[in-house]
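Structural overview
Each chain, written out:
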Amino acid sequence: MAEPASTATVLVIDDDQEIRYSLQRVLSARGYRLVTAASGEEGLKVAAKEKPHVILLDNRMTGMNGLETLQHLRTTAPKCMIILMTAFGTTQTAIEAMKFGAFDYVIKPFDIKKILTLVENAAKAWADLHAAGSAYQPLLNRDDYKEGIVGNSEPMQELFKVIGQVAASDVTVMITGESGTGKELVARCLYQHSHRGKGPFIAVNCAAIPENLIESELFGHEKGSFTGATMQRIGKFELCDRGTIFLDEIGDMTLSTQTKILRAIQEGEIQRVGGSETIKVNVRLIAATNKNLEKLVADKQFREDLYYRVNVVRIKLPPLRERLDDVPALVDFMVQRLANEKKIRVRKVSSEALAVLCAYTWPGNVRELENAVYRSGVVAQGDTVLVKDLPREILQVVQAGGGEKMEDGKGKMEKKNGESASGAERKIGATADPLGVKKDAKANGESGAVLTLAGAYDAVYRLARAETEENILEKIEAAMIARALKETEDNHAKAAALLGITRATLRKRVDEGK
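The shown structure was predicted, so the numbers you read here are calculated from the model rather than taken from an experiment. (Residues numbered from 1 in each chain as written. Predicted model: local features only at pLDDT ≥ 70, side-chain atom pairs only at ≥ 80, totals over all residues. Heavy atoms only, no water.)

1. Section: the sheet that holds strand E3 (residues 54-58)
As summarised here, the arrangement of the five strands in space is E2-E1-E3-E4-E5, forming an open sheet in which the pairing is parallel. Both outer strands of the open sheet, strand E2 (33-37) and strand E5 (104-107), are each paired with one neighbouring strand and no more. Across this sheet, the average inter-strand angle for adjacent strands is 20 degrees, counted without regard to direction. Where E3 meets strand E4 (residues 81-86), five bridges bridge the pair, whose relative direction is parallel. Across the sheet, the residue bridging to Leu57 is Leu84, located in E4. In the packing of helix H2 (residues 40-50) onto the sheet, the strands contacted are strand E1 (9-13), E2 and E3, and the crossing angle to E2 comes to about 145 degrees. Running over the sheet, helix H3 (residues 66-76) touches E1, E3 and E4 and is turned about 155 degrees from E3. (Pairing = 2+ DSSP bridges. Helix = DSSP H or I, 4+ residues; strand = E, 2+ residues; numbered from the N terminus. Axes fitted to C-alpha atoms, helices over the stretch in contact; angles between N-to-C directions. Contact = heavy atoms within 4.5 Å.)

What follows is the structure, encoded as structure tokens:
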């Protein structure tokens, strides 16, 4: 059980007796237990004995300075929240303090209200950290997911079945899905479980290679075949002989390159740029795209014969918003991997933080989730990611969202008041208040949470983006017109003035929406 903030132990390390006395008097009056030390060396001994929750540490002291003491305290009291006090608020001091794991820093002479707020926040963070740490249980064994594909939801189980069915053959596979869903991971999984698993695997991002170099990159070139070709170059198809080549974003290829790809698939033959020799290659092709190939074929931007060659077996990856139940396991896997690679210090995620991650709809899919976990792990103090460590833009969207109430961090949702439960409407319930804005509002005498206009724009865009692939502006415009008409009680003149458009334009928009 975590101790209440008011009973937390605070250690003040400062060589100025007046500062020690003042802080002891002010903090003791608020119910904190105070211990003091007059130097960094003494502070290390007191910290080892008293095990304080919060340490107020002066930077410029005789003997060991604050930053040196901070580094030693990270070993002596690794879970303690340390606030560095300095009379010199230099950029270097701020950066060094945060780099060595300080909770925060404050510049002298400091305002009493500010120091009280900092100590209260630090004590609460300590309590949250210990409560989260004691309740945390790993959800999976990272060694069981060497391919990096994690998920127990029904869409992922169907995906695993298809991979198992087609991996052993040489059939050409087309992987489709939104950006960030893990198309290359699936391609590598197909390769690793195929009979070509001991051969080469080469991934090529067709969209990242300039149009005038894509043929040279794939098929190679002869010396002198074009300006800058000072030597012969072996292409990816040739290098990948008896292996698997993965062509990502194949929908971005030019028609001329598509013709050569078709020949390589059909005949198993290629020619280097500028060469006349036909080279036999034995390559399995796996392709991927986030575009609508059928539409590209209809628009004559993608060869129909190549489409049928690469689309023998199609694997469609679900977006993360359609399998939110997998978020806890994905987060656990990412934290374990990043920690083992020494990229982050944390090894746990609090249930409150996990609830926020489960409530977000992830328009950037697994890639966005991984970015958020990495970022949160870097800024977190201690060994646990808390709600305050999550990206602010995610917190704003979740707080602004509507629809469902999150009961815990295991991805389970319950419908609220019989409303629909679409992915874009997931949010933290009023009782969870993961942003802490209601608490802050009460402390400031306000009646409710405050959301900035910029935050509201971000929320509207992300939620609209999660619901549709196109016509976002049209949907938002229609929603604003409906609200303006409601506010003005269907007075078109007032609504048009409020929206900044003419009555004729307003009438046209209303008629189009009917």
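2. Observations concerning the packing of H2 against H3
For any two helices packed against each other, the geometry is given by the interaxial angle and the distance between the axes. The contact between H2 and H3 brings their axes to 10 Å, and the two run at 15 degrees. It follows from the interaxial angle that H2 and H3 lie roughly parallel. By crossing handedness, the relation of H2 to H3 is classed as right-handed. Here H2 contributes Gly40, Leu44, Ala47 and Ala48 to the contact with H3, which in turn contributes Thr69, His72, Leu73 and Thr76. (Parallel < 35°, antiparallel > 145°, perpendicular 65-115°, else oblique. Left-handed = near helix turned anticlockwise from the far one by under 90°.)

3. Focus: a nonpolar patch on the surface
A contiguous nonpolar patch, built from Tyr374, Val378 and Val379 and spanning about 250 Å² of accessible area, is present on the exposed surface. Within the secondary structure layout, Val379 lies in helix H15 (residues 365-379). (Patch = residues over 30% accessible without salt bridge, like charges linked within 9 Å, V, L, I, M, F, W, Y side chains within 5 Å. Areas by Shrake-Rupley, 256 points an atom, 1.4 Å probe, with all protein chains shown as cover. Salt bridge = Lys/Arg side-chain N within 4 Å of Asp/Glu carboxyl O.)

4. Notes on helix H13 (residues 327-340)
The end-to-end C-alpha separation of H13 is 20 Å, in line with the 20 Å expected for 14 residues at 1.5 Å each. Among the 14 residues of H13, 13 are classified as buried, and the element is accordingly described as predominantly covered. Immediately downstream of H13, the backbone of Lys342 shows phi near 65 degrees, a positive value. (Expected span 1.5 Å × (residues − 1). Buried < 20%, exposed > 50% of the residue type's maximum accessible area, 1.4 Å probe, protein only.)

5. Things to note about the nonpolar core
With 37 residues, the main nonpolar core has Val327, Val331, Trp362 and Leu369 as its most contacted residues. If you list the elements that add at least two residues to this core, you get H13, helix H14 (351-359), H15, helix H16 (392-400) and helix H18 (453-467). Sorting elements by how many residues they give to this core places H13 first, with nine residues. Excluding residues that lie within four positions of it along the chain, Trp362 makes contacts with Leu320, Leu324, Val327, Leu357, Glu368, Leu369, Ala372 and Ile394. Core analysis: the second largest hydrophobic core is formed by 29 residues, Leu218, Leu247, Val281 and Tyr307 among them. (Core = buried A, V, L, I, M, F, W, Y, C linked by side-chain atoms within 4.5 Å.)

6. Some thoughts on the pattern of salt bridges
Under the defined criterion, the tally for this structure stands at 26 salt bridges. Salt-bridge contacts for Arg188 lead to Glu184; the nearest nitrogen and oxygen are separated by 3.1 Å. Residue Arg188 and its partner Glu184 are both found in helix H7 (residues 183-192); the two are separated by four residues, about one turn of the helix. In this structure Glu184 comes out as partly exposed when scored by relative accessible area, which is 32%. Note that Arg233 and Glu217 form a salt bridge whose closest N and O atoms lie 3.1 Å from each other. In this pair, Arg233 is assigned in strand E9 (residues 233-234) and Glu217 in helix H8 (residues 214-219), connecting sequence segments 16 residues apart. Of the residues examined, Arg233 reaches a relative accessible area of 32% and is grouped as partly exposed. Where salt bridges share partners, they join Arg337, Glu341, Lys343 and Glu370 into one cluster.

7. Quick notes on the packing of helix H20 (residues 492-499) against helix H21 (residues 503-513)
Where H20 contacts H21, the two axes come as close as 9 Å, and the packing angle between them is 100 degrees. The pairing of H20 with H21 is recorded here as roughly perpendicular in orientation. Along the contact surface, H20 presents His492, Ala493, Ala495, Ala496 and Leu499, while H21 presents Arg503, Leu506 and Arg507.

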